[in-house]
Amino acid sequence: MDERFVLVGPRTPLPPPAKKRAWYEGKPLLSMAVLVMIILGCSGCELFIPRDPAYMDLFHASEAPGAAFWFGTDTMGRDIFSMIWYGGRVSLLIGFLATAISTVLAVLFGAVSGLAPRWLDDLLMRLTEIFLSIPSLLLVVLLQAILGKASVVSLSVVIGVTSWTSVAKVVRSEVRRLRGSEYVLAARCMGAGFFHILRRHLAPNFFPSIMFMVVMNIRSAIAAESTLSFMGLGLPLEVISWGSMLSLAENALLSGSWWIILIPGTFLVVTLLCVTGVGNWLRGEGDRRESNL
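In this report, the structure presented in the accompanying data block is examined. (Residues numbered from 1 in each chain as written. Predicted model: local features only at pLDDT ≥ 70, side-chain atom pairs only at ≥ 80, totals over all residues. Heavy atoms only, no water.)

## Considering the packing of aromatic side chains
(1) Moving on: Tallied over the entire structure, the rule returns 12 aromatic pairs.
(2) Moving on: Ring plane angle 70 degrees and centroid distance 6.4 Å describe the contact between Phe48 and Phe81, whose orientation is recorded as edge-to-face. Taken together, the residues span a long stretch of sequence, with Phe48 in the loop between helix 1 (29-43) and helix 2 (80-115) and Phe81 in helix 2 at a distance of 33 residues.
(3) Moving on: Residue class for Phe48 comes out partly exposed when judged on its relative accessible area of 37%. (Phe/Tyr/Trp six-rings, centres within 6.5 Å; stacked < 30°, edge-to-face > 60°. Helix = DSSP H or I, 4+ residues; strand = E, 2+ residues; numbered from the N terminus. Buried < 20%, exposed > 50% of the residue type's maximum accessible area, 1.4 Å probe, protein only.)

What follows is the structure in structure tokens.
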């Protein structure tokens, strides 16, 4: 521009610079902190557990919380404080293992359906809708009855193979949206196989969309194990978990031993609420990412 000319007139003010959000803003820090403490406590409970959780001291059966037994004892004289942490380990293991199984099934089924021809995609989606129409609790009870006596592995497998359908439908929709992308078409033209395309091109793009549902499946699996154990269909009493501890609720209420049901129930509810808080935060992050795009 010629230096002899000077622009005059009102100047449009520049927008203020966007304020950078603090790292902790919008995050459920309390839920994360409590959840991490529970997971670490259950993982390393051998370091601070005062008593063997399976030891039955009938002389101190149904003893109220006090200096000797911080959380009291159950009807068989077992220390509830020790059982909480050992039982939490089993419940969390079932939650994570069942979620891993359901996620793998959902990703494979949804990706195959999304990349398949139209007729095969319709057939697979009809199959998914049939599974969705059956109450998951009935399927869990049926499969567990077929497998026989419940264990940590069998219960995880049963819960995992009955909770993949909702995630699979989301994966299928995302794969159908991504399969026409240039990088996917280029990979297929170069002879890339199904698992290579899924691992390198599809999964990194759709996994943030299903992260919320994966986290919520952990909550559902823990709640399912507790429900089955409370109904007497889950883990046996000798396998300590939060659900098996709650299965003694009827006798506890009849005898007035409120701590036998209140303390395990509190730990279970707090864990589920923390997982729900983290899941809702992940869903909000995903919605904001899509709105920015």
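We are not done yet, so read on.
## Structural notes on the environment of Phe212
(1) Moving on: Here Phe212 lies in helix 8 (residues 194-230).
(2) Moving on: Distance in space between the C-alpha atoms of Phe212 and Gly279 is 5.0 Å, their sequence separation being 67 residues.
(3) Moving on: Beyond its immediate chain neighbours, meaning those up to four positions away, Phe212 contacts Gly279, Asn280, Leu282 and Arg283. (Contact = heavy atoms within 4.5 Å.)

## Some remarks on empty space enclosed by the protein
Gaps left between atoms are located by rolling a probe of water-molecule size over the structure's atoms.
(1) Moving on: Applying the stated criterion across every chain, the model contains 1 cavity of 30 Å³ or more.
(2) Moving on: Reported here for the largest cavity is a volume of approximately 30 Å³.
(3) Moving on: What lines the largest cavity is Arg78, Met83, Leu237, Ile240, Ser244, Met245 and Leu248.
(4) Moving on: Residue composition of the lining of the largest cavity, by class: 5 nonpolar, 1 polar and 1 charged. (1 Å grid on protein atoms, 1.4 Å probe; cavity = no way out; pocket = protein on both sides within 12 Å on 5 of 7 lines; lining within 4 Å. Points joined across faces, edges and corners; volume = space filled by probe spheres on them. Nonpolar A, V, L, I, M, F, W, Y, C, P; charged D, E, K, R; others polar.)

## What about helix 6 (residues 165-178)?
(1) Moving on: The terminal C-alpha atoms of helix 6, which comprises 14 residues, lie 20 Å apart, in line with the 20 Å expected from a rise of 1.5 Å per residue.
(2) Moving on: Buried residues along helix 6 sit against helix 2, helix 3 (118-133), helix 7 (182-189) and helix 8. (Expected span 1.5 Å × (residues − 1).)

## Describing the environment of Lys27
(1) Moving on: The topology assignment puts Lys27 in the segment before helix 1.
(2) Moving on: Residue Lys27 is classed as partly exposed on the basis of its relative accessible area of 34%.

## Details of the nonpolar core
(1) Moving on: Membership of the largest hydrophobic core comes to 24 residues, with the highest contact counts inside it found for Ile80, Ile84, Trp85, Trp242 and Met245.
(2) Moving on: Contributing elements (two or more residues each) for this core: helix 1, helix 2, helix 8, helix 9 (242-246) and helix 11 (259-292). (Core = buried A, V, L, I, M, F, W, Y, C linked by side-chain atoms within 4.5 Å.)

## A short note on a nonpolar patch on the surface
(1) Moving on: On the surface, Leu127, Ile130, Phe131, Ile134 and Leu138 cluster together into a nonpolar patch covering about 430 Å² of accessible area.
(2) Moving on: For the nonpolar patch, the element with the most residues is helix 3, which contributes 3 residues.
(3) Moving on: As for its placement among the helices and strands, Leu138 is situated in helix 4 (residues 136-147).
(4) Moving on: Residue class for Leu138 comes out exposed when judged on its relative accessible area of 55%. (Patch = residues over 30% accessible without salt bridge, like charges linked within 9 Å, V, L, I, M, F, W, Y side chains within 5 Å. Areas by Shrake-Rupley, 256 points an atom, 1.4 Å probe, with all protein chains shown as cover. Salt bridge = Lys/Arg side-chain N within 4 Å of Asp/Glu carboxyl O.)

## Notes on the state of the cysteines
(1) Moving on: Counted according to the given criterion, the structure contains 0 disulfides.
(2) Moving on: Cys42 forms no disulfide, and the closest cysteine sulfur to it belongs to Cys45, at a distance of 6.8 Å.
(3) Moving on: A relative accessible area of 1% means that Cys42 is categorised as buried. (Disulfide = S-S within 2.5 Å.)

## Regarding the pattern of salt bridges
(1) Moving on: Summed over all chains, the structure comprises 6 salt bridges.
(2) Moving on: The closest approach of N and O atoms between Asp121 and Arg176, which form a salt bridge, is 3.3 Å. Of this pair, Asp121 sits in helix 3 while Arg176 sits in helix 6; the two residues are 55 residues apart in sequence, bridging distant segments of the chain.
(3) Moving on: The exposure class assigned to Asp121 is buried, which follows from its relative accessible area of 0%.
(4) Moving on: Among the ionic pairs, Glu174 bridges to Arg177, the shortest N-O distance being 2.6 Å. Of the two residues, Glu174 and Arg177 are both situated in helix 6; the distance of 3 residues between them amounts to about one turn of the helix.
(5) Moving on: Assessed through its relative accessible area of 52%, Arg177 is described here as exposed.
(6) Moving on: Several salt bridges share partner residues, and in doing so they unite Asp121, Arg172 and Arg176 into one network.

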